[in-house]
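Below, each chain spelled out in residue letters.
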Amino acid sequence: MPKVHLTKFVCKELVYDYLTGSLDPSRREKFQEFLNEDLDLKKKLDRNKHALLYVGELKKIELSEAYQAYLAEAHNLGLVDQKLETPAMVHEEKAPQNNFWTDFWSERAEFLKLMRRTGEALALAAVVFLVVSNLPKELFDFKSSGKPTVLLTDKNKSSSVESPANTARVEHEEEVITDEIMDESEELVKAKSSKEEKVAKKSVDKQAQKNSSGVLSTPAKLTNSRPETAARKTVARADKDEPAKQNFYLYRSIIYVENLISVSDEFLSYLEKNGAKKAGKVKMGWEKNRSRYFHFHIDESKREEMEAVLSKYAPFRLNRYDHWRKTPDGKMRAIVEIRQKAN
Amino acid sequence: MTEAQVRAIAVFFYYVLPHELLAMEATDRAIKELKSRAKKSEEIFEIILIKTCSNIARKKRKEYLSEAKDLVQHNFPKAYDNIKEPLIRPSALSVAAWRQILRDEDHESLYLLVWAHVLEFPIDYIVLASNCSHGTVMHRLSQSLNLLGSYLQPGSQAWGPNA
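Rules of the game
Residues numbered from 1 in each chain as written. Chains lettered and ligands numbered in written order. Predicted model: local features only at pLDDT ≥ 70, side-chain atom pairs only at ≥ 80, totals over all residues. Contact = placed C-beta atoms within 7 Å. Helix = DSSP H or I, 4+ residues; strand = E, 2+ residues; numbered from the N terminus. Nonpolar A, V, L, I, M, F, W, Y, C, P; charged D, E, K, R; others polar. Core = buried A, V, L, I, M, F, W, Y, C linked by C-beta atoms within 7 Å. Buried ≥ 20, exposed ≤ 12 C-beta atoms within 10 Å, placed from the backbone. Expected span 1.5 Å × (residues − 1). Axes fitted to C-alpha atoms, helices over the stretch in contact; angles between N-to-C directions. Parallel < 35°, antiparallel > 145°, perpendicular 65-115°, else oblique. Left-handed = near helix turned anticlockwise from the far one by under 90°.

A. View of the interface of chain A and chain B. Taken residue by residue, the interface counts 36 residues in chain A and 42 residues in chain B. For the side of chain A that touches chain B, the secondary structure elements donating two or more residues are α2 (15–20), α4 (39–58), β1 (62–63), α5 (65–75) and α6 (87–90) of chain A. Counting residues per element, the side of chain A that touches chain B draws most heavily on α4 of chain A, at eleven residues. The residue makeup of the side of chain A that touches chain B, split by class, is 22 nonpolar, six polar and eight charged.

B. Representation of the nonpolar core within the structure. All names here are of chain B. In this structure, I9, F12, F13, Y15, V16, V114 and W115 are the most contacted members of the largest nonpolar core, which totals 59 residues. If you tally residues by element for this core, the top one is helix α1 (residues 3–16), at eleven residues. Residues in contact with W115, not counting those within four places in the same chain, are I50, F121 and I126.

C. Representation of α1 of chain B within the structure. Between its first and last C-alpha, α1 of chain B extends 20 Å over 14 residues, near the 20 Å set by a 1.5 Å rise per residue. In terms of burial, α1 of chain B is largely enclosed, as 14 of its 14 residues are buried.

D. Fine view of the environment of V336 of chain A. All names here are of chain A. Of note, V336 is situated in strand β7 (residues 331–340). The spacing of V336 and Y251 is 85 residues in sequence and 8.2 Å in space, taken between C-alpha atoms. Once residues lying within four places of it in the same chain are set aside, the contact partners of V336 are S253 and F294.

E. Just α4 of chain A, in detail. Here α4 of chain A contains 20 residues, and its C-alpha end-to-end distance of 29 Å stays within 8% of the 28 Å for a straight helix at 1.5 Å per residue. Among the residues of α4 of chain A, those classed as buried are L45, R47, N48, H50, A51, Y54, E57 and L58 of chain A. Looking at the buried side of α4 of chain A, the elements it contacts are α2 and α3 (25–37) of chain A together with α1, α4 (96–104), α5 (107–118) and α7 (134–152) of chain B.

F. View of the environment of Y18 of chain A. All names here are of chain A. For Y18, the position within the fold is in helix α2. As for Y18 and L45, which are separated by 27 residues in sequence, their C-alpha atoms are 8.9 Å apart. If we skip the residues at most four places from it in the chain, Y18 touches L23, R28 and F31.

G. View of the packing of helix α3 (residues 45–66) of chain B against helix α6 (residues 123–130) of chain B. All names here are of chain B. For the pair α3 and α6, the least separation of the axes is 9 Å and the interaxial angle reads 55°. Here α6 runs oblique to α3, going by the angle between their axes. Between α3 and α6 the crossing geometry is right-handed. Contact residues: α3 offers E46, I47, I50 and K51, while α6 offers Y125, I126, L128 and A129. Here the contact of α3 with α6 is built from residues that sort into six nonpolar, no polar and two charged.

Here it is as structure tokens:
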């Protein structure tokens, strides 16, 4: 048997194990050796023995019949008729009870769980479907990735007439400007209609070629003359509606100033004095995130004067961009954003 | 739920709560909770029983302390009035020492003592239910038994089984 080294201190910690008989024989032997020598250890052991005896008495307590009957009645336990079991039997596996409904539901518990899970999954799918079906269709139009989207970034910059490099302070606007969403959607519709017209034109040309080669018989020619006229009509209508051949412009710029409120108030009063009218959906001088936004129409002659008003505070120049929206002669449309300069 | 399990619940609360009526209330609550939890959980029933009863005991003790130990204001069910003595002790047994230690000392180790030595639940179940290591549970048991022994010592805290 291997010899175990035990100190007095460790022995004191092993009193409980000694009493419950969970010490291995070598440690037990060593513990008994210390027990003969150490009076404190012996006292501790006696205390623990006494406590164990007391606890042994505590477990003799029983439930009164009245209380047992109450519990059985209150919780439908059926305890009174049951055979009394010793505590050791508590942990053994119990025989199944002959309760029809308990058996019925316990047998089908897995099935019910599956049904519940399926129901939850279906409900979730329905919710997702409802949400997705209510989203705008443009979000799912992946094929037209080359076409203009609903979200507006300043795409006219590529075709700008003047270089924005002239104004050091003015930065390219990269944010999405919400009140121009409507303009863009109109642009989208227009692009679509022009595409349709092109398709119609192509079909007309093809038909004309076929007719000239004489492949088609007379009734066929007659039937095909209808789409030709329809196509012509659409082309004519498209020509009428197409003002984009003329050049129209949108002037826009951003200026960073130190005193946002006073500058923007001054600019607003200047605009009002000079007969500027708001364009877009928001009022002139609309506040957004430490900046103020001016979208307006004004006489084109006021352009330089307007630039001079704002140039007092920082280098400022309006940049001109091509835009499909028609502006009346002598008028200009501009978007000016005055932003708070970072400290 | 078997009779022995119901007895274990009632006895546990009788020993860890400071009043019989509180113990009866806690027993009712524990049986209700266990009935519903046993259906949902796949854990061993005895482990659920230990967990549930220990949680309820903690809450009840808190309630008792917050109500400044004034049980007159507490609305116990009327059915309790008909039960004069819910648990019957052997005539020789005095629980005075136990009540005293319950008032003075930390409860968690005493819960373990009741589960392990009064109700004789397997240590493994107690270990699983208390989320501690085996060694920790054994150490706490040893400590609480030693403490109880010191209360029972003749002379100092003079209570014994026959006091």
